[in-house]
Amino acid sequence: MNASDRTPADLLRSALVADPARPLVTFYDDATAERVELSVATFANWVAKTANLLQGDLAAEPGDRLALLLPAHWQSAVWLLACASVGVVAEVQGDPAAADLVVSGPDTLDAARACRGERIALALRPLGGRFPQTPEGFADYAVEVPGQGDRFVPFAPVDPDAPALTVGGASFTAAELVARAREDGAALGLAAGSRLLTGRSYDTWDGLAAGLYAPLATGGSVVLCRHLDRVGADVLAQRVESERVTLTV
């Protein structure tokens, strides 16, 4: 990664230049037997499409607050980087009533309806599938995102010193987030090519650091596991071997 990177979007751009084909996020859902692997290029394409949806169709602007009501999931990671690309503040498990926009999974739709702004719903189905019927009052992400552009250019440059993320009572500017991700990556022993397996949730900084930001900041990759408590030690050991994991948290 480049020392001059000061926002999460900068980190992703540097990763794309360095090695677009390498894995970045490998996602397992052990409740559905889903496995999805996204290279840097594929992940960046999803981020670009989502950022175009956010900036264009949803009319989000830098400084707007987005309540992100999603679990640890590859699509959650995409939304975090899309917010960073636009300059929108991602409030993980934030209060929808106080947010300008809300992004919700299927289990938090009732709470998300408190948001008076734009509402996006994700079915979180395998292969990014859509809802059988779009929830009332929401746009279905899986319907809206495919037609978005594959390249993203923000209307205004993202300010590294502006608020970027709130999680677990802690708030970070974009620059603080990048610095903390680098520090945590070093503390974990991550380096270029590292493969970190994590079952941590996304509702704390430690979960976000292990599940996205620290691997991104250090040139590594993440094996992100949801419902990891449903598998035994033998399955986990096989996964560590098959995914060439170098570190587990």
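Criteria and cut-off values
- Residues numbered from 1 in each chain as written.
- Predicted model: local features only at pLDDT ≥ 70, side-chain atom pairs only at ≥ 80, totals over all residues.
- Heavy atoms only, no water.
- Helix = DSSP H or I, 4+ residues; strand = E, 2+ residues; numbered from the N terminus.
- Rg over C-alpha atoms; globule rule 2.2 N^0.38 Å.
- Buried < 20%, exposed > 50% of the residue type's maximum accessible area, 1.4 Å probe, protein only.
- Contact = heavy atoms within 4.5 Å.
- Lys, Arg positive; Asp, Glu negative; His and termini not counted.
- Charge placed at Lys NZ, Arg CZ, Asp CG, Glu CD.
- Pairing = 2+ DSSP bridges.
- Axes fitted to C-alpha atoms, helices over the stretch in contact; angles between N-to-C directions.
- 1 Å grid on protein atoms, 1.4 Å probe; cavity = no way out; pocket = protein on both sides within 12 Å on 5 of 7 lines; lining within 4 Å.
- Points joined across faces, edges and corners; volume = space filled by probe spheres on them.
- Nonpolar A, V, L, I, M, F, W, Y, C, P; charged D, E, K, R; others polar.
- Phe/Tyr/Trp six-rings, centres within 6.5 Å; stacked < 30°, edge-to-face > 60°.

Caption draft 1: Focus on the overall build of the protein chain. Regarding its fold elements, the protein chain presents 8 helices and 12 strands. At 17 Å, the protein chain has a C-alpha radius of gyration in line with the 18 Å of a compact globule built from 249 residues. Once the C-alpha set of the protein chain is aligned to its principal axes, its extents read approximately 45 × 40 × 35 Å. Relative to its 249 residues, the protein chain shows a buried fraction of 53%. In the protein chain, the proportion of contacts linking residues at least 24 apart, taken out of those at least 6 apart, comes to 67%. Between the averaged position of the 20 positive side-chain charges in the protein chain and that of its 31 negative side-chain charges there is a distance of 3 Å.

Caption draft 2: How the structure looks around the sheet that holds strand 1 (residues 23–29). Read across the sheet, 5 strands follow the order 2-1-11-10-12 without closing on themselves; strand pairing throughout is mixed. Each of the sheet's edge strands pairs with one partner strand only, and the pair in question is strand 2 (34–39) and strand 12 (247–248). Pairing of strand 1 with strand 2 involves 6 bridges; the strand directions are antiparallel. Within strand 2, the residue paired with Pro 23 across the bridge is Ser 39. In this fold helix 3 (residues 74–86) packs onto strand 1, strand 2 and strand 11 (221–226), with an angle of close to 30° to the strand it touches most, strand 2.

Caption draft 3: The layout of surface pockets, seen in detail. In this model, the largest pocket occupies a volume close to 340 Å³. Taken together, 15 residues form the lining of the largest pocket, with Arg 13, Leu 16, Ala 44, Ala 48 and Phe 152 sitting closest to its centre. Mapped by element, the contributors of at least two residues to the lining of the largest pocket are helix 1 (8–18) and helix 2 (40–57). The element best represented in the lining of the largest pocket is helix 2, accounting for 6 residues. Across the lining of the largest pocket, the residue classes tally to 10 nonpolar, 2 polar and 3 charged.

Caption draft 4: Region of interest: unusual backbone geometry. You will see that Leu 124, though not glycine, has its phi angle at about 55°, which is positive. Residue placement: Leu 124 occurs in the loop between strand 6 (118–121) and strand 7 (139–140).

Caption draft 5: Focus on the side chain of Gln 75. Note on placement: Gln 75 falls in helix 3. The class of Gln 75 is buried, set by a relative accessible area of 3%. Gln 75 has contacts with Trp 46, Leu 122, Leu 124, Gly 128 and Tyr 141, leaving out every residue within four places of it along the chain.

Caption draft 6: Molecular detail of the sheet that holds strand 8 (residues 163–167). The strand order across the open sheet built from 7 strands is 7-6-5-3-4-8-9, with neighbouring strands paired in mixed fashion. In this open sheet, the two strands that pair with only one neighbour each are strand 7 and strand 9 (170–173). As paired strands, strand 3 (residues 65–69) and strand 4 (residues 89–92) are joined by 4 bridges and run parallel to one another. What sits directly across from Leu 68, in strand 4, is Val 92. With respect to the sheet, helix 3 is in contact with strand 3, strand 4, strand 5 (101–104), strand 6 and strand 8, its orientation differing from that of strand 3 by roughly 170°.

Caption draft 7: Examining the packing of aromatic side chains more closely. This model, assessed by the stated rule, comprises 5 aromatic pairs. Ring plane angle 50° and centroid distance 5.5 Å describe the contact between Trp 79 and Tyr 141, whose orientation is recorded as tilted. Taken as a pair, Trp 79 in helix 3 and Tyr 141 in helix 5 (residues 141–144) lie far apart in primary sequence, 62 residues in all. On the basis of relative accessible area, Trp 79 is assigned to the buried category, the value being 0%.

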